[in-house]
Amino acid sequence: MALDKPYLDVPGTTVFDADQSRKGYWLNQFCMSLMQPANRERFKSDERVYLDEWPMSEEQKQALLARDLNRCIALGGSIYFLVKVGATDGVSVQKMVSTMTGMSEEAYRDMMLAGGRPPAGKGEGA
C-alpha cells in the first residue's frame, strides 16, 4: 500500500495492521476454526487435509505445519489467533512464544520475570 507507515521500522517487530490482516485473513480464520472441538479433531487427524480446505497460500500452510510462528506472523498471522494452534497441540503460550525467541522456555520465563528485553533489543543500549 502507498501509505507512509513509519511504524513499520520497529526493529524485530511485525506490526499487525490492516495490510497484515488482509494478508492473513484465511490463516487467522483457520486458527479460529480450532475453537470447535470437531475441527480440532479433524486437524489433529490429518493436518494437511484440513489445511487444504482453507484458501491459504502454500507458504502459510507450510509455516503452520512447521509451527513456525515467526513465519506465520510475517505471512499475516496474528498471535491472538495463532495461540489456538498451540492450544490444539497442548502447548502453553509461554512455550509457543519462547520458540519465537530462540530461547528455551525456562530462559524466556526468566527473562520476562526479570523485566524482559530492553527496548533496543538483545541487551545493547536502551
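Since we're looking at a predicted model, the values are computed, not measured.

In the numbering used here, UniProt assigns the "domain: Extradiol ring-cleavage dioxygenase LigAB LigA subunit" (unreviewed entry) feature to residues 27–112. The distance separating the terminal C-alpha atoms of residues 27–112 is 28 Å; by composition the span is 74% helix and 0% strand.

Another aspect to go through is the packing of helix 7 (residues 79–89) against helix 8 (residues 93–101). Put simply, helix 7 and helix 8 touch, their axes get as near as 10 Å, and they point 110° apart. When the axis of helix 7 is compared with that of helix 8, the two are roughly perpendicular. As helix 7 packs across helix 8, the resulting crossing turns out to be right-handed. Along the contact surface, helix 7 presents Ile79, Leu82, Val83 and Gly86, while helix 8 presents Val93, Met96 and Met100. Grouping the amino acids of the contact of helix 7 with helix 8 by side-chain chemistry returns six nonpolar, one polar and no charged.

Moving on to the packing of aromatic side chains. Counted by the stated rule, this structure contains seven aromatic pairs. Considering the side-chain rings of Trp26 and Trp54, the 6.3 Å spacing of their centres and the 50° angle between planes classify their relative orientation as tilted. Here Trp26 is found in helix 2 (residues 25–33), whereas its partner Trp54 is found in the loop between helix 4 (47–51) and helix 5 (58–66), with 28 residues between them in sequence. Taken together, the ring pairs in this structure connect Tyr25, Trp26, Phe30, Phe43, Tyr50 and Trp54 into an aromatic cluster.

Scoring rules and cut-offs
Residues numbered from 1 in each chain as written. Predicted model: local features only at pLDDT ≥ 70, side-chain atom pairs only at ≥ 80, totals over all residues. Heavy atoms only, no water. UniProt positions renumbered as here; feature names shortened; annotations may be inferred. Helix = DSSP H or I, 4+ residues; strand = E, 2+ residues; numbered from the N terminus. Axes fitted to C-alpha atoms, helices over the stretch in contact; angles between N-to-C directions. Parallel < 35°, antiparallel > 145°, perpendicular 65-115°, else oblique. Left-handed = near helix turned anticlockwise from the far one by under 90°. Contact = heavy atoms within 4.5 Å. Nonpolar A, V, L, I, M, F, W, Y, C, P; charged D, E, K, R; others polar. Phe/Tyr/Trp six-rings, centres within 6.5 Å; stacked < 30°, edge-to-face > 60°.

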